[in-house]
Each structure stands twice: as structure tokens, then as C-alpha cells.
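Tertiary structure, described
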Amino acid sequence: MLANPLALIAEITHRCPLHCVYCSNPLELAAASSELKTEDWRCVFAEAAKMGILHLHLTGGEPLARTDLEELIASAHQARLYTNLITSGVGLSRERLARLVQAGLDHIQLSFQDSHPDRADWIAGTKSHAHKVELAGWIREHRIAFTANLVVHRQNLDDLEATLKFLETLRPDRIEIAHTQYYGWALENRAALMPTAAQLEKALAVVAAAEVRLKGSVRIDSVVPDYHAQFPKACMGGWGRRLMLINPAGQALPCHAAGVIPGLVFDNVKERSLQSIWNESAAFQKFRSESWMQEPCRTCERRTEDFGGCRCQAFLLAGDAAATDPVCSLSPRHDSVLRTVCQAPEDIVSPGSPAKSWKYRPNPGRG
Amino acid sequence: MIAETSKPALAVGCRWGGSQEDPMLLFPEGAMKVQGTGLAILELCDGQRTFLDIVEELHRRYFGSDAQRIREDAAKFLEQLHEKRIVDY
Ligand code: SF4
Ligand code: SF4
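Residues numbered from 1 in each chain as written. Chains lettered and ligands numbered in written order. Predicted model: local features only at pLDDT ≥ 70, side-chain atom pairs only at ≥ 80, totals over all residues. Heavy atoms only, no water.

1. Here we look at the nonpolar core
Ranked by size, the top nonpolar core spans 62 residues in total, and within it Leu8, Trp41, Phe45, Leu58, Ile108 and Leu160 of chain A carry the most contacts. Top element by residues in this core is helix 9 (residues 197–214) of chain A. It accounts for 6 residues. Beyond its immediate stretch of four places on either side in the chain, leucine 8 of chain A contacts Val44, Phe45, Ala48, Ile53, His55, Leu56, His57, Met244 and Ile246 of chain A. Core analysis: the second largest hydrophobic core is formed by 25 residues, Leu39, Leu42, Val55 and Val87 of chain B among them. (Core = buried A, V, L, I, M, F, W, Y, C linked by side-chain atoms within 4.5 Å. Buried < 20%, exposed > 50% of the residue type's maximum accessible area, 1.4 Å probe, protein only. Helix = DSSP H or I, 4+ residues; strand = E, 2+ residues; numbered from the N terminus. Contact = heavy atoms within 4.5 Å.)

2. Considering empty space enclosed by the protein
Residues and elements named next belong to chain A. Inspection of every chain in the model, using the stated rule, returns 6 cavities of 30 Å³ or more. Of the pockets and cavities examined, the largest cavity occupies roughly 130 Å³. As for the largest cavity, its lining consists of 18 residues, of which Gly238, Trp239, Phe287, Phe307 and Gly309 are closest to the centre. Counted by class, the lining of the largest cavity contains 10 nonpolar, 3 polar and 5 charged residues. (1 Å grid on protein atoms, 1.4 Å probe; cavity = no way out; pocket = protein on both sides within 12 Å on 5 of 7 lines; lining within 4 Å. Points joined across faces, edges and corners; volume = space filled by probe spheres on them. Nonpolar A, V, L, I, M, F, W, Y, C, P; charged D, E, K, R; others polar.)

3. With respect to the packing of aromatic side chains
Residue and element names in this part refer to chain A. All told, the structure shown has 5 aromatic pairs over all chains when counted by the stated rule. With centroids separated by 5.8 Å and ring planes inclined at 75°, the aromatic side chains of phenylalanine 112 and phenylalanine 166 adopt a geometry described as edge-to-face. Taken together, the residues phenylalanine 112 in strand 4 (residues 107–112) and phenylalanine 166 in helix 6 (residues 160–168) connect sequence positions 54 residues apart. Owing to a relative accessible area of 17%, phenylalanine 166 belongs among the buried residues under this scheme. On the numbers, 5.0 Å between centres and 90° between planes, the contact of tryptophan 239 with phenylalanine 287 is edge-to-face. Pair noted here: tryptophan 239 is in the loop between strand 7 (219–223) and strand 8 (243–246) and phenylalanine 287 is in the loop between helix 11 (282–285) and helix 12 (303–306), with a separation of 48 residues, a long-range link. An aromatic cluster of three or more residues is present, and its members are Trp239, Phe287 and Trp292. Above the face of the phenylalanine 112 ring, lysine 132 is positioned so that its terminal group lies 5.9 Å from the ring centre. We note arginine 288 situated over the ring of tryptophan 278; from NZ or CZ to the ring centre the distance is 4.8 Å. (Phe/Tyr/Trp six-rings, centres within 6.5 Å; stacked < 30°, edge-to-face > 60°. Lys NZ or Arg CZ within 6 Å of the ring centre and 35° of its normal.)

Structure, rendered in C-alpha cells:
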């Protein structure tokens, strides 16, 4: 029997004051006018809780861009969902933070780009670093969980040790080191973001040392980039198995990048119940069983563990969403992935000399 | 190591969820089903009782069980959760 998902990711807006070059939002950003209303989200949260969903991740874009964020958190809290706010913190005042906590926020995940203010601002395409540091102090005035999140790539990996030390000073409960995932805007900037093998090796050692140093005080979660792994990760815990994402316009997706796969039709929560979407929606069914698999996945022992890797990545790198994820060493297309990795140039560009290929993520139109 | 005088409590960002019949411990990166003795121990972790109080209470409830064993199991359980940043003391 199909189990219900455990977590709901609500991309409540694509609006964002930042322009991160590693942003994984789709190239076609949802216009502000297409966004779900407060009441629509309230229904979604109530239904989600009824389905047994436990966690709600509020993300974007920048969730703070929604002026009804307080109400959204309150309705999620009322439905007994554990609410997590994933934010850049830009524009969050001390007062509004207090209101969000008051509304029932359980966990805040604040993103950082680097420990040097100018480099951080350069990556985010906005002046935002100093405010984040101040905000971190305000967060610690409340009894909520605090994760400092750092997206890493070639331009900031060499600083990882210093950056971790800097993040420690903010006294988070968790530090999450997320390697850039090459979807959306990040894929456009891949040539400038892809780390070198040497950088990665060093980074692994730095993280291992930090884990030992911080044991019992800060939990470190680090996701190894799968371009460099032998086998792919079970993307989103498997297609349509663990998670459900609702985009700003109300479409339900099995993963945040699923929109890149041509031919998939996403049902909208305004038209169907969450439960029936989960059970029956064609987009969720598409890669759920094993019948869509090709060789080598079809007969591979690992298929029940990684489900053949990421469908979006298979499409983006192999041109076929049903192919074995090309990052898998068993994939016939694996060589083309390896070539990208090996070709990662050694140069680290700097704030003074922006890489030619840098493409900042814009803001969605008003629509 | 947890001391006799430590006062364990759920860590910041951890709370109960799920349903009455099926309580779940929720924390930032996931959830955990807790039943039986584990549930009994965690319900006593209110930040007021010391570890010693908790062990004594458990001994009273599970009458006839080995006190030393209870202490060791409870310590191990809480230390594991402490490392995962679910319990603070
Ligand atoms: S631009 Fe940066 S902060 Fe904004 S949604 Fe993208 S990654 Fe997040
Ligand atoms: S062949 Fe397919 S199932 Fe096997 S490890 Fe690679 S991606 Fe996973």
C-alpha cells in the first residue's frame, strides 16, 4: 500500500530580494499574481495534517515576501504541523521574527553564502550578509531551533574551514552544508560553480574535523554532491514516496525541479484534494513503480535503495527522464558527467572580476 | 555522560506531535516514534526532575525490575538522544 508523505514543502512565493547564482528555482518563475491565497494554504495545511504529514517546510523564493506569513504559520501550527521556515532573512526585523515565533514557528533555517561579507554579497547579488549576522542573534532570543545553512560550490569551498568557524559563533543548533544542486539557475551557472575534486576532498576532511569538535553541541549535516559519488542519492526519498511540493501557484510536484521534465502535468490543489493528488496524480505515478526503469537500473540490486537516482537530473544530463541517473557509475552516460567534473576549471573568480558566465537569478514578473 | 543531578528536557525545537494513540517526537530534520519505556522516560524529562528522580520513578513504576539495569538503559537512551540534539541536559 502507498504510504502517505511525511513532509510537505510549500514554495509559497518565487519573489525574492536576493539573486543567488546557485538558486534551484525554475527558470520560469511564478508570477506574484498567480500565488495561492492565504485561505488556499490554510486548506492545504489542514488536509496535510489529516493525511498524517508531520513537517511543513515553508520556502520560496523568499517566504518573508508574503505579508501573510504570520497567518500561514499560525494556521499550520493550528493543524499541528511542525513548521520550518527556510529563509535568507533579508528584511526580517526583530519584531516580525517575534511575531512568527508567536504564531508557532518551530524551526528557522537561515542561509549564509560565505563568511566574508563582500564575497557573500557577491554570490547573493545583494547586500545581505551583515543583516543575517544580526538576525542570528535575535533568533537566539527565542526558544526555536536554529539551523545555519551554507550552500557550497567552487567559489566558496576553499574558505570552508573559516566559514564553519564563523557559523559556530552564531550558536546554531545545526549547521547544514549543502552542495549546490544543479537545477534551475544553478545549472545555468554550473561552469563557475562546479567544485574541483581536490576541493571536495579537502572539504570532506574539514567537515569530519568539525563534527568531532562540535559533537553534542552543534549537529552537522552535510550532503555530498552526487556528481562526485559512485551512486546517485535517492532523490527526495524516491519519486512520490516521501515528499510533496506545492509551488506558488498551487501545483503539486514530486520534487522542486520536476517542472523541467517535458510532458508532466501537475494537478493543482485548488482543483483536487491533496490525498487524491498523492494517490492518483499522473505526475506522481509516472516514476513510482519500477516499470519505467531501463537497464542498468531495471535489474540492479540498488534500485530499491536509490530508485535509479534523480529523474530531473536524468533528463537534464541524458535528455531522457527515464534513463539511469548519469551520475551513477553504472550509467552508460556516466562518462559525460565525469567529463564535466574533471573539466571544472581551477580558477576561483573573485568579487572584483565576475565570471563571464555568472547569471544572477532575477525576480519573477508581476504577471 | 549524564550525571545524577542533570535535568534532562527536550531540546529547543523538539516537541511532541502525531496523535494521542501514536505520539511522535518531532525535531528539525525528522520524527521518531516513541513507545513503551522510551515514552515513559521522555515524558519524565521535564527539565525539573533530575536524572536520579527519573530513575527512581521508573523503578517505582516497573516494580521488581533491576534498578541498576534501569539506570544504565535510561542513561544510554538519553545520551543517544543528546548526541542527536533531541534531549538537552
Ligand atoms: S535567490 Fe537565493 S535566497 Fe532567493 S530563492 Fe534563490 S537561493 Fe533562495
Ligand atoms: S544502475 Fe540505477 S539502480 Fe543501480 S545504482 Fe545506478 S542508478 Fe541506482
